[in-house]
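This is what each chain is made of:
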Amino acid sequence: QVQLAESGGGLVQAGGSLRLSCVASGRTFSTYGMGWFRQAPGKEREFVAGITRSGGSSDYADSVKGRSTISRDNAKNTVYLQMNSLKPEDTAVYYCAADWRTRVGVTTTPSRYDYWGQGTQVTVSS
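Throughout what follows, the structure given in this document is the object of discussion. (Residues numbered from 1 in each chain as written. Predicted model: local features only at pLDDT ≥ 70, side-chain atom pairs only at ≥ 80, totals over all residues. Heavy atoms only, no water.)

### As for the sheet that holds strand 3 (residues 18–26)
Sheet strands associate in pairs through backbone hydrogen bonding, adopting either a parallel or an antiparallel arrangement. Read from one edge to the other, the open sheet built from 4 strands follows the order 1-3-8-7, with strand pairing classed as antiparallel. In the strand order of this sheet, the two ends are held by strand 1 (2–7) and strand 7 (68–73), each with one partner. Between one strand and the next, the sheet's axes are offset by a mean angle of 15°, whatever the strand orientation. In this sheet, strand 3 lies alongside strand 1 in antiparallel orientation, the contact comprising 6 bridges. Each bridged residue has a counterpart across the sheet, and for Ser-7 the counterpart in strand 3 is Ser-21. (Pairing = 2+ DSSP bridges. Helix = DSSP H or I, 4+ residues; strand = E, 2+ residues; numbered from the N terminus. Axes fitted to C-alpha atoms, helices over the stretch in contact; angles between N-to-C directions.)

### Remarks on the packing of aromatic side chains
Inspection of the entire model under this criterion finds 7 aromatic pairs. Taking 5.0 Å as the distance between ring centres and 80° as the angle between the ring planes, the aromatic pair formed by Phe-37 and Tyr-113 counts as edge-to-face. Of this pair, Phe-37 sits in strand 4 (residues 33–39) while Tyr-113 sits in the loop between strand 9 (92–99) and strand 10 (115–116), and the two are 76 residues apart along the sequence. Phe-37 gets classed as buried once you look at its relative accessible area, which sits at 0%. In textbook terms, an aromatic cluster arises when at least three aromatic residues are bridged by ring pairs, as seen for Phe-37, Phe-47, Tyr-95, Tyr-113 and Trp-116. (Phe/Tyr/Trp six-rings, centres within 6.5 Å; stacked < 30°, edge-to-face > 60°. Buried < 20%, exposed > 50% of the residue type's maximum accessible area, 1.4 Å probe, protein only.)

### What about the pairing of strand 9?
Burial analysis of strand 9 places 7 of its 8 residues in the buried class, which makes it a mostly covered element. Bridge analysis of strand 9 against strand 10 gives 2 bridges, and the strand direction is antiparallel. Across the sheet, Ala-98 pairs through a bridge with Tyr-115, a residue of strand 10.

In structure tokens:
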């Protein structure tokens, strides 16, 4: 079992920045890939960013590419999502998730992730 706890969400004006954190407990953190997803009201959960077990490779949704950076600190069992130049359309609940099965690269499919956090709300005002 893996427990994931997100933090760092909040209310920010358009153009601002936030850094989300997700702390994992349970199994060895470095043995699974990590992803960030988001879900806005009335919309499906969508991939935002993902990072491989070692942190050597990452992937981003087109909507956040160039504005966001995912990183991880395996010594601290933590994955981060730095978001800059935030837009009102970034408003959503953000979830981190852990992927046990993918051996190479980053998967963007929510169903491939085995464990999920409770989410943290990000609201961007115009």
